[in-house]
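Structural overview for review
Listed below are the residues making up each chain.
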Amino acid sequence: MGKKGDLSNFERGMVVGARRAGLSISQSAQLLGFSRTTISRVYKEWCEKGKTSSMRQSCGRKCLVDARGQRRMGRLIQADRRATLTEITTRYNRGMQQSICEATTRTTLRQMGYNSRRPHRVPLISTTNRKKRLQFARAHQNWTVEDWKNVAWSDESLSLSLSLSLSLILKCTTH
């Protein structure tokens, strides 16, 4: 069975209260739903040191990037959205006394909600489409404003009505 995590101060107080009320270790464990080892460890700690709070919050290495450092890193990212991890790390370390590594930068960015994404690949314009666009541009290069007023524009397509009873329909994408 794995660890369930640390007990809250209230749960520690319940353990001490049950033992002080005269319940045995087994009875306290059954009543509160904790293991016998936990009951004996918490009660022993209370008897010897007089404390019921856990010191687990203060263990482990302190974070190198605090809230102020996260705000600074956020400003660096907003200044250049396409910066690589190495560039962000070197820019961050430039003004700091204690430098951080790229792994710390990556972890901090993930905690801040930034994820790396590759840009979506868009196919280049095909040669036939390029030729058609160039042909259209050359054909309408000398049109005046009055000529363009005869074009019926809509959201999805434009249709040209010429006196030669020739109609040309172009599809336009709207964004």
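Positions within a chain are numbered from 1, following the residues in the order the chain's sequence is written. pLDDT decides what is reported in this predicted model: residues at 70 or higher carry local features, side-chain atom pairs at 80 or more are listed and counted, and totals for whole chains, interfaces and linings draw on all residues regardless. Note: side-chain values were computed over all heavy atoms of the structure, leaving out hydrogens and water.

On to the overall build of the chain. Counting from the N terminus, the helices are DSSP H or I runs at least four residues long and the strands are E runs at least two residues long. Within the chain one finds 8 helices and 3 strands. Along the chain, helices and strands appear, N-terminal first, in the series α-α-α-α-α-α-α-α-β-β-β. With 175 residues in all, the chain has 20% of them scored as buried. Pairs at least 24 residues apart make up 39% of the contacts formed inside the chain by residues separated by at least 6 positions. Accessible area is worked out with a 1.4 Å probe on protein chains only. A residue is then buried under 20% of its type maximum, exposed over 50%, and partly exposed in between. Pairs of residues are marked as contacts when any of their non-hydrogen atoms sit within 4.5 Å.

Position of Asp66 among the secondary structure elements: in the loop between helix H3 (36-49) and helix H4 (67-79). Each C-alpha atom of the pair Asp66 and Thr108 lies 9.5 Å from the other, and the pair is 42 residues apart in sequence. In protein, a polar contact means a hydrogen-donor-capable atom and an acceptor-capable atom, both N or O and within 3.5 Å, with residues adjacent in sequence counting only if both atoms are side-chain atoms; elsewhere, any N or O pair within 3.5 Å suffices. From its side chain, Asp66 meets the backbone nitrogen of Gly69 in a polar contact 3.0 Å long.

Further remarks concern the packing of H4 against helix H5 (residues 85-94). Whenever a helix is involved, its axis is fitted only over the stretch in contact; in every case the axis is a line through C-alpha atoms, and angles between N-to-C directions fall within 0 to 180 degrees. Relative to each other, H4 and H5 sit at 130 degrees, their axes nearing to 10 Å. Accordingly, the angle class assigned to the pair H4 and H5 is oblique. The element H4 and its partner H5 pack so that their crossing is right-handed. Facing Gly69, Arg72, Met73, Leu76 and Ile77 of H4, the residues of H5 in contact are Ile88, Arg91 and Tyr92. Here roughly perpendicular refers to angles of 65 to 115 degrees, roughly parallel to angles under 35, roughly antiparallel to angles over 145, and oblique to all remaining angles. The crossing is said to be left-handed when, going from far helix to near helix, the turn is anticlockwise and less than a right angle, and right-handed when the turn is clockwise.

Ring geometry is summarised as follows: Phe, Tyr and Trp rings, the Trp one being its six-membered ring, pair when their centres sit within 6.5 Å, and such pairs are stacked at plane angles under 30 degrees, edge-to-face over 60 and tilted between the two. In the structure shown here, the tally under the stated rule is 2 aromatic pairs. Plain terms: the ring middles of Trp143 and Trp148 are 4.6 Å apart, the flat faces sit at 55 degrees to each other, and that makes the pair tilted. Taking NZ or CZ as reference, Arg72 lies 5.1 Å from the ring centre of Tyr92, over its face. Each ring is checked for a lysine NZ or an arginine CZ that lies within 6 Å of its centre and within 35 degrees of its normal; such an atom marks a charge sitting over the ring.

To continue, consider helix H1 (residues 9-20). Here H1 spans 16 Å end to end across 12 residues, near enough to the 16 Å set by a 1.5 Å rise per residue. Among the structural elements, helix H2 (25-32) and H3 are those in contact with the buried residues of H1. With its phi angle positive at about 105 degrees, Gly22 sits one or two positions after the end of H1. Any helix carries an expected span of 1.5 Å times its number of residues minus one.

Turning our eyes to something else, we now look at the confidence of the model for the chain. In this model, the chain carries a mean pLDDT of 81, and residues with pLDDT of at least 70 account for 80%. For every residue, the predictor reports its confidence as pLDDT, a number between 0 and 100. Contacts from residues 163-171, a stretch scored under 50 in pLDDT, to residues over four places away or in other chains number 17 contacts.

Turning next to H4. Helix length check: H4, at 13 residues, gives a terminal C-alpha distance of 19 Å against a target of 18 Å (1.5 Å per residue), a fit within 8%. Looking at H4, one finds that the buried residues are Gly69, Met73, Gly74, Leu76 and Ile77. Taken down its axis, H4 places every buried residue within 160 degrees of arc, on the same side. Those residues of H4 that are exposed and aimed more than 90 degrees away from the buried face are Arg68, Arg71, Arg75, Gln78 and Ala79. What the arc describes is the spread of directions from the helix axis to the C-beta atoms.

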